[in-house]
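Per-entry structural report
Below are the chains, spelled out letter by letter.
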Amino acid sequence: MRKPNAFEWVLLMMGLLCIGIGYILVQAMAYQYGFFSVQTSAILLLWFIFIACIVLAAVNENSKEELRTIIRQQHEELRMLRVDLRRKR
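Residues numbered from 1 in each chain as written. Predicted model: local features only at pLDDT ≥ 70, side-chain atom pairs only at ≥ 80, totals over all residues. Heavy atoms only, no water.

1. Considerations on the pattern of salt bridges
The line we're drawing: Every case where a carboxyl oxygen of Asp or Glu lies within 4 Å of a side-chain nitrogen of Lys or Arg is listed as a salt bridge. Helix numbers and strand numbers start at the N terminus; a helix is a DSSP run of H or I with at least 4 residues, a strand a run of E with at least 2. Relative accessibility under 20% of the residue-type maximum defines a buried residue, over 50% an exposed one, and the middle range a partly exposed one, all with a 1.4 Å probe and only protein chains included.
Counted according to the given criterion, the structure contains 3 salt bridges. Put simply, lysine 64 and glutamate 61 hold a salt bridge, and the shortest N to O gap is 3.4 Å. Note that lysine 64 and glutamate 61 are positioned in helix α2 (residues 38-88) at a spacing of 3 residues, about one turn of the helix. Overall, the relative accessible area of 48% leaves lysine 64 in the partly exposed class. For glutamate 61, a relative accessible area of 8% corresponds to the buried category. A salt bridge links arginine 68 to glutamate 65, with the shortest nitrogen-to-oxygen separation between them at 2.8 Å. Residue arginine 68 and its partner glutamate 65 are located together in helix α2, separated by 3 residues, close to a single helical turn. For glutamate 65, a relative accessible area of 11% puts it in the buried group.

2. A short note on the packing of aromatic side chains
Counted only if it meets this: Pairing of aromatic rings covers Phe, Tyr and Trp, the last through its six-membered ring, and needs centres within 6.5 Å; plane angles under 30 degrees mean stacked, over 60 mean edge-to-face, and all others mean tilted.
Applying the stated criterion to the full structure yields 2 aromatic pairs. Here phenylalanine 35 and phenylalanine 36 contribute two aromatic rings whose centre-to-centre distance is 5.3 Å and whose plane-to-plane angle is 85°, an arrangement assigned as edge-to-face. Here phenylalanine 35 falls in the partly exposed class, since its relative accessible area comes to 46%. Residues tryptophan 47 and phenylalanine 48 carry aromatic rings whose centres are separated by 5.5 Å and whose planes lie at 25° to one another, so their mutual orientation is stacked.

3. A short note on the nonpolar core
To keep things clear, this is the line we draw: Buried Ala, Val, Leu, Ile, Met, Phe, Trp, Tyr and Cys residues form a nonpolar core when they are joined through side-chain atoms within 4.5 Å. The contact rule is simple, with two residues in contact once any of their heavy atoms fall within 4.5 Å.
Formed by Leu11, Cys18, Val26, Leu44, Trp47 and Ile54, the largest nonpolar core amounts to 6 residues. Counting only elements with at least two residues in this core, the list comes to α1 (6-33) and α2. Excluding residues that lie within four positions of it along the chain, leucine 44 makes contacts with Val26 and Phe35.

Encoded structure:
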């Protein structure tokens, strides 16, 4: 089981901050202009896009970490195969 790195912690804090501030801004726009106005729709769409970008960055970081683990395992397996091949000669 691996521990989250610093980038993942920063991403988590950014995500929570984005959700909180975005919710407050959407509520303020909905109160000021009405929920079905163009301004509220635009800020809601931008909020969802920003959250999606943060989620995609977290998924990308997780994939990178998993790929590093797989590469290490393949490297170790290749090393064992080389040793085994040298023994057979």
